[in-house]
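Understanding the architecture of this molecule
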Amino acid sequence: MEKRAGMDDAVLEAKLRDAVRIAERGRPHFVGFLDERQAGVAQTIMRRTGFSNYLLWGGYVEAERVLFGAFPDYLEACPEEFPLETVTVSYRQCDSLTHRDFLGSLLSKGVVRETLGDILVEPGRAVLFARSEIADFLLQQTDKIGRVGVKLSRGAQEPLPVPHTFAPFSGVVASARLDCIAALAAGVSREKAAGLISAGLVMLNHEVVTSVSTPVSEGAKLSVRGKGRYILDRVGPLTKKGRLSIAGRKYI
């Protein structure tokens, strides 16, 4: 698994560097959709190369899956330039459809995952973000998701379906070390959290971290295998007893 992940990152880096070269020759170029971890890799690579005229955009501000766009000097990196379209899927509210239903159905039609961005679902409506080159295919070839009849149309009305719902958590910890934060978020002992981290079962900002003492800052995203995903919203202040108060949200 580690070898395959490394190869994937090598391919991604090659594509990103190609995009930068094309932009430096005068044309914008786009890579993706990228998942959250790949987007973090892209930012790291851009810092390393010193290229700054780029943008990560997935169709709305909090998108998890995004396109990487590299732009020439004369062109501002802006969302309007991205080869991305929004598609609304309408269906009866009594027909229950999930993100998994949509993704499975579209992939079964031969749609490549990298051409699909976020899929936001609510009763009776879903909003898909897709690369422009497959939008017509989706509109023309999709009349069912699973066994549910659907109607597709170009564009989407605001407000968009809510991407996620959350359950808040809070508490106090000895410090902002990863083992302390993971224990609080996942509701396990610090020793249990340390074991999960050492076993490579905890991700911090979409990267596996195996050091229990890694510091965690506000805004960090945490994933604990078998327990859930979390966002850390607040670190501090200190309590009167010198412990650190923490607040965050769990994806549900």
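What you see is a predicted model; the values in this text were computed from it and never measured.

The rules behind each value
- Residues numbered from 1 in each chain as written.
- Predicted model: local features only at pLDDT ≥ 70, side-chain atom pairs only at ≥ 80, totals over all residues.
- Heavy atoms only, no water.
- Pairing = 2+ DSSP bridges.
- Helix = DSSP H or I, 4+ residues; strand = E, 2+ residues; numbered from the N terminus.
- Axes fitted to C-alpha atoms, helices over the stretch in contact; angles between N-to-C directions.
- Contact = heavy atoms within 4.5 Å.
- Buried < 20%, exposed > 50% of the residue type's maximum accessible area, 1.4 Å probe, protein only.
- Arc of directions from axis to C-beta.

In this section: the pairing of strand 4 (residues 84-90). As paired strands, strand 4 and strand 6 (residues 125-131) are joined by seven bridges and run antiparallel to one another. What sits directly across from Val89, in strand 6, is Ala126. Relative to strand 9 (residues 151-154), strand 4 runs antiparallel, the two sharing four bridges. Within the sheet, the bridge partner assigned to Val87 lies in strand 9 and is Arg154.

Here we take up the sheet that holds strand 3 (residues 66-70). Here three strands make up an open sheet; going across it, the order is 1-3-2 and the pairing antiparallel. Among the strands making up the open sheet, the edge pair consists of strand 1 (29-34) and strand 2 (54-57). Strand-to-strand, the axes of this sheet are offset by a mean angle of 15°, without reference to chain direction. When strand 1 meets strand 3, the two strands line up antiparallel, connected through four bridges. Directly across from His29, in strand 3, lies its bridge partner Ala70. With respect to the sheet, helix 2 (residues 36-49) is in contact with strand 1, strand 2 and strand 3, its orientation differing from that of strand 1 by roughly 145°.

For the rest of this paragraph, the subject is the sheet that holds strand 4. The antiparallel open sheet is built from four strands, whose spatial order is 5-6-4-9. Each having just a single partner strand, strand 5 (116-122) and strand 9 make up the two edges of the open sheet. Geometrically, the sheet is characterised by an average inter-axis angle of 20° between neighbouring strands, direction not taken into account. Seen against the sheet, helix 3 (residues 99-108) touches strand 4, strand 5 and strand 6 and runs at an angle of roughly 140° to strand 5. Along the sheet, helix 4 (residues 132-141) contacts strand 4, strand 5, strand 6 and strand 9; its crossing angle with strand 6, the most-contacted strand, is approximately 140°.

What follows deals with helix 3. Residues of helix 3 that are buried: Phe102, Leu103, Ser105 and Leu106. The arc that holds every buried residue of helix 3, seen down its axis, measures 170°, which confines them to one face. Of the exposed residues in helix 3, those oriented more than 90 degrees away from the buried face are Arg100 and Ser108. Against strand 4, strand 5, strand 6, helix 4 and strand 7 (144-145) lie the buried residues of helix 3.

Residue Pro159 is reached from Glu158 by a cis peptide bond, and omega for that bond is -5°. Mapping Pro159 onto the fold places it in the loop between strand 9 and strand 10 (166-173). Here the amide bond leading from Gly236 into Pro237 is cis, since omega sits at 5°, within 30 degrees of zero. Here Pro237 is to be found in strand 14 (residues 228-238). Positive phi values are uncommon outside glycine, yet Asn205 reaches one of about 50°. Mapped onto the elements, Asn205 comes out in the loop between strand 11 (202-204) and strand 12 (207-208). For Asn205, a relative accessible area of 40% corresponds to the partly exposed category. Backbone geometry places His206, a non-glycine residue, at a positive phi of 70°.

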